[in-house]
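# Structural overview
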Amino acid sequence: MLKINHIAKTFNPGTITEKTALVDVQLHLLPGDFTTVIGGNGAGKSTMLNAVAGVFPVDKGTIEIGGVDVTNLPEFKRAQYLGRVFQDPMTGTAATMNIEENMALAMRRGQRRGLKWGISNMEREMYREQLRKLDLGLEDRMASKVGLLSGGQRQALTLLMATLRTPKLLLLDEHTAALDPKTAAKVLELSDKIIREQKLTALMITHNMQDAIDYGNRLIMMHEGRVVVDVAGEEKKKLTRADLMGLFEKAAGQQLNSDKLLLS
């Protein structure tokens, strides 16, 4: 479903601020793969996600989504293949619009705007049913402005909006990092449920090692712009923090005294 073929990216080449962010990254995801991505700051996690989303062009290599080569497509054209939830709960929704209007925008993403922009009763009932699955009471607040929601409610709504049209690939960019632990756990459970029920292919960046181990069927670790660890299936199910640190030390050639060093 996703094929990242030997991509590389260097920012500000030839200047004193030159930064090599990705080095020959190769990653192939099968349909239905839920892959967690972990690594320290500057490892290349978000850069890889942004490259897939088309935020900037890569220096070399190719990117395919659902069998379509999107390497040269701008970000707005790639949006038809992707759903994305950002770290900031304020991103991804329109604060001054109400819940059902936000959902209508998400439902019409990639479609031409015509004279029939109004929300039909059938659509409204569908939105209500989708909101009910979140178990947050939002189905009874569809006329409320999104800006009045809590961070967790807003992030859950963004997640729902990102998956309304069943994207070929769902990108979760540290989407629980700005939430308190209890709310983060709720949003993670919702994410896992939606991914499993819709059989989505997903990439989830996280700084939480235990979340990376507990969720998904595959885990990759990045270091200095490269994928250094890639475990899946039964191997991932049996993985512990100690195992993961050991794999990192073997692949990166660095000894760690704690997982905090890995994720700092």
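Now for a description of the structure that goes with this document. (Residues numbered from 1 in each chain as written. Predicted model: local features only at pLDDT ≥ 70, side-chain atom pairs only at ≥ 80, totals over all residues. Heavy atoms only, no water.)

### So, the pairing of strand β9 (residues 218-223)
Of all six residues in β9, six are buried, a share of seventy percent or more. Burial along β9 is two-sided: Arg-218, Ile-220 and Met-222 and Leu-219, Met-221 and His-223, pointing in opposite directions, are all buried. Joining the antiparallel neighbours β9 and strand β10 (residues 226-232) is a turn of two residues, in which Glu-224 adopts a positive phi near 50 degrees. (Buried < 20%, exposed > 50% of the residue type's maximum accessible area, 1.4 Å probe, protein only. Helix = DSSP H or I, 4+ residues; strand = E, 2+ residues; numbered from the N terminus. Pairing = 2+ DSSP bridges.)

### Looking at the packing of helix α3 (residues 99-107) against helix α5 (residues 151-163)
Orientation of α3 relative to α5, taken along the N-to-C sense of each, is 30 degrees, at an axis distance of 8 Å. If you check the angle between α3 and α5, you find them roughly parallel. Of the two elements, α3 crosses α5, and the hand of that crossing is right-handed. Here Ile-99, Asn-102, Met-103 and Ala-106 of α3 come into contact with α5, specifically with Leu-157, Leu-160 and Met-161. Here the contact of α3 with α5 is built from residues that sort into six nonpolar, one polar and no charged. (Axes fitted to C-alpha atoms, helices over the stretch in contact; angles between N-to-C directions. Parallel < 35°, antiparallel > 145°, perpendicular 65-115°, else oblique. Left-handed = near helix turned anticlockwise from the far one by under 90°. Contact = heavy atoms within 4.5 Å. Nonpolar A, V, L, I, M, F, W, Y, C, P; charged D, E, K, R; others polar.)

### Here's the deal with the environment of Arg-108
Here Arg-108 lies in the loop between α3 and α4 (121-132). Residue Arg-108 is classed as buried on the basis of its relative accessible area of 10%. The spacing of Arg-108 and Gly-40 is 68 residues in sequence and 37 Å in space, taken between C-alpha atoms.

### Digging into the packing of aromatic side chains
For the structure shown, the criterion picks out one aromatic pair. Note on Phe-11 and Phe-56: the rings are 5.2 Å apart at their centroids and 85 degrees apart in plane angle, and the pair reads as edge-to-face. With Phe-11 in strand β1 (residues 2-11) and Phe-56 in the loop between α1 (45-53) and β4 (60-65), this pair connects stretches of sequence that are 45 residues apart. Since its relative accessible area comes to 13%, Phe-56 is described here as buried. (Phe/Tyr/Trp six-rings, centres within 6.5 Å; stacked < 30°, edge-to-face > 60°.)

### Here we look at the pattern of salt bridges
Scanning the model with the defined rule gives nine salt bridges in all. One salt bridge in this structure joins Lys-9 and Asp-59, with 3.8 Å as the shortest N-O distance. Here Lys-9, found in strand β1, pairs with Asp-59, found in the loop between α1 and β4; they are 50 residues apart in sequence, far enough to count as distant. For Asp-33, the salt bridge goes to Arg-218, with nearest N and O atoms at 3.7 Å. Pair noted here: Asp-33 is in the loop between β2 (19-29) and β3 (34-38) and Arg-218 is in strand β9, with a separation of 185 residues, a long-range link. Among the residues examined, Asp-33 registers a relative accessible area of 10% and is labelled buried. (Salt bridge = Lys/Arg side-chain N within 4 Å of Asp/Glu carboxyl O.)

### A short note on the sheet that holds strand β8 (residues 202-205)
Across the sheet, which stays open at both edges, the six strands sit in the order β6-β7-β8-β3-β9-β10 with mixed pairing between neighbours. The two strands at the open ends of the sheet, each matched to only one other strand, are β6 (82-85) and β10. Strand-to-strand, the axes of this sheet are offset by a mean angle of 15 degrees, without reference to chain direction. Sheet analysis places β3 next to β8, joined by four bridges and oriented parallel. The residue of β8 that forms the bridge with Thr-35 is Leu-203. Each of β3, β7 (169-173) and β8 touches helix α6 (residues 181-198); the most contacted strand, β7, lies at about 170 degrees to it. Here helix α9 (residues 241-252) sits on the sheet and contacts β9 and β10; the angle it forms with β10, its principal contact strand, is near 140 degrees.

### Examining the pairing of β3
Two faces belong to every sheet, and in a regular strand the side chains alternate between them. Judged by how many residues are buried, β3 sits mostly within the fold: five of five residues are covered. Residues Phe-34, Thr-36 and Ile-38 line one face of β3 and the alternating positions Thr-35 and Val-37 line the opposite face, and both faces are buried. For β3 and β9, the ladder comprises four bridges, and the chain directions are parallel. Residue pairing in the sheet places Val-37 in a bridge with Ile-220 of β9.

### Some words on the sheet that holds strand β5 (residues 68-69)
If you trace the four strands from one edge of the open sheet to the other, you get β2-β1-β4-β5, paired in antiparallel fashion. Two strands in the sheet have a free side with no partner beyond their single neighbour: β2 and β5. Where β1 and β2 come together, seven bridges link them in antiparallel fashion. For Lys-3, the partnering residue across the bridge sits in β2 and is His-28. Of the strands in this sheet, β1, β2 and β4 touch α1, which is tilted by about 65 degrees from β2.

### Observations concerning α5
A rise of 1.5 Å per residue sets the reference length of α5, with its 13 residues, at 18 Å; its end C-alpha atoms lie 19 Å apart and thus fit the reference within 8%. Most of α5 sits out of view: 12 of its 13 residues are buried. Listed as buried for α5 are Gly-152, Gln-153, Arg-154, Gln-155, Ala-156, Leu-157, Thr-158, Leu-159, Leu-160, Met-161, Ala-162 and Thr-163. Looking at the packing, one finds that the buried side of α5 touches β6, α3, α4, β7 and α6. (Expected span 1.5 Å × (residues − 1).)

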